[in-house]
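Each chain, written out:
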Amino acid sequence: MIKCITFDLDDTLWAVNPVVDQANHTLYEWLQQNAEAFTQLYTVRDFPRLRSEVLAKHPEISHSVTQIRIKQLEHGLQAAGYSEAETEALALKAFEVFLEARQQVTFFEHAMGMLKELHNQGYKLGALSNGNADIQRVGLGELFDFQFSADKVGQEKPHPLMFEQMLHHVGLRPEQVIHIGDNPAHDVEGANNVGIWSIWVNLEGKTEQVAATRMVTCLSDIPSAIAEIAELAKHRTTI
């Protein structure tokens, strides 16, 4: 019997690119006021280059968007001539500005209604994300029971560790859980590889073949897809 539903967040419940773009501009405005030397050397368009430079030097943090962002800021601040102490303090303050702006999401149509329906049906709901959106800060705290992120786990999906830690946390077997997400590799393959049912959120109507248990092209279809999987799971347990 299906007991728990887990969700990816970015590009599953909201579009992430507009959120990050706005957060980058909010961050840059703060840097203009508080770290002028940085903004004399870099523009917002330089953030991807700084990110690439940081990952080239620190591949071991590639799973953590938080560590990457802080290192990216430190790298740029040091290049702009700030001392080690100034760099550390400014980078942490700047990151908090970015992180707060990063939580200002606009949910896809039907997202909240669908989540409320599943919550009211008694499913345990959780978030499994490679990003650093926070369920409390985006407004999902009353609907979701838990969250795991690549930052905290130390590995990003599709690595099995996040799924395994989730299963241990909820005390369920893989076949009692459905994972829902937009990424065929991170979400579908990741879930499939540990025996968890999967639903591919394909809002763009892509035609690629994805080995999900079910596919939906509208978030409002998720409850019926879950019901179908629940029947399938019930049938398998009686064979």
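Residues numbered from 1 in each chain as written. Predicted model: local features only at pLDDT ≥ 70, side-chain atom pairs only at ≥ 80, totals over all residues. Heavy atoms only, no water.

1. Quick look at the packing of helix α1 (residues 16–34) against helix α5 (residues 84–102)
Reasoning step 1: At a minimum axis distance of 8 Å, the contact between α1 and α5 shows a crossing angle of 145°. Judged by the sense of rotation from one axis to the other, the crossing of α1 with α5 is right-handed. Taken together, the residues of α5 that come into contact with α1 (itself represented by V16, V19, V20, A23, N24, T26, L27, W30, L31 and N34) are L90, K93, A94, V97, F98, A101 and R102.
Reasoning step 2: Here the residues of the contact of α1 with α5 sort into 12 nonpolar, three polar and two charged. (Axes fitted to C-alpha atoms, helices over the stretch in contact; angles between N-to-C directions. Helix = DSSP H or I, 4+ residues; strand = E, 2+ residues; numbered from the N terminus. Left-handed = near helix turned anticlockwise from the far one by under 90°. Contact = heavy atoms within 4.5 Å. Nonpolar A, V, L, I, M, F, W, Y, C, P; charged D, E, K, R; others polar.)

2. Notes on the layout of surface pockets
Reasoning step 1: Its volume calculated, the largest pocket comes out at about 750 Å³.
Reasoning step 2: Counting only elements with at least two residues in the lining of the largest pocket, the list comes to α1, α3 (47–57), α4 (65–79), α5 and α10 (184–193).
Reasoning step 3: Class assignment of the residues belonging to the lining of the largest pocket gives a composition of seven nonpolar, 10 polar and 11 charged.
Reasoning step 4: Counted as a void, the second largest pocket has a volume near 250 Å³.
Reasoning step 5: In terms of lining, the second largest pocket is formed by 14 residues, of which the most central are N132, A133, D134, S149 and K152.
Reasoning step 6: For the lining of the second largest pocket, the elements supplying multiple residues, two or more each, are α5, β3 (146–149) and α8 (150–153).
Reasoning step 7: At three residues, β3 tops the list of elements feeding residues into the lining of the second largest pocket. (1 Å grid on protein atoms, 1.4 Å probe; cavity = no way out; pocket = protein on both sides within 12 Å on 5 of 7 lines; lining within 4 Å. Points joined across faces, edges and corners; volume = space filled by probe spheres on them.)

3. Details of the pairing of strand β4 (residues 177–181)
Reasoning step 1: Among the five residues in β4, five count as buried, and that is most of the element.
Reasoning step 2: Burial along β4 is two-sided: the residues V177, H179 and G181 and I178 and I180 are all buried.
Reasoning step 3: Strand direction decides the pairing type here: strand β1 (residues 4–7) and β4, joined by four bridges, are parallel. Residue pairing in the sheet places I5 in a bridge with I178 of β4.
Reasoning step 4: By the bridge criterion, four bridges tie β4 to strand β5 (residues 197–201) in an arrangement that is parallel. (Buried < 20%, exposed > 50% of the residue type's maximum accessible area, 1.4 Å probe, protein only. Pairing = 2+ DSSP bridges.)

4. A closer look at the pattern of salt bridges
Close approach of charged atoms lets side chains of opposite charge pair.
Reasoning step 1: On inspection of all chains with the given rule, the structure shows 10 salt bridges.
Reasoning step 2: In this structure, R173 engages E175 in a salt bridge whose closest nitrogen and oxygen atoms are separated by 2.7 Å.
Reasoning step 3: One network of salt bridges, with partners in common, ties together D8, K157 and D187. (Salt bridge = Lys/Arg side-chain N within 4 Å of Asp/Glu carboxyl O.)

5. With respect to the sheet that holds β3
Reasoning step 1: Taken in spatial order, the six strands line up as β3-β2-β1-β4-β5-β6 in an open sheet, and their pairing is parallel. What marks the edges here is a single partner per strand, and that holds for β3 and β6 (214–216). Across this sheet, the average inter-strand angle for adjacent strands is 20°, counted without regard to direction.
Reasoning step 2: Pairing of β5 with β6 involves three bridges; the strand directions are parallel. Looking at β6, one finds that I199 is bridged to R214.

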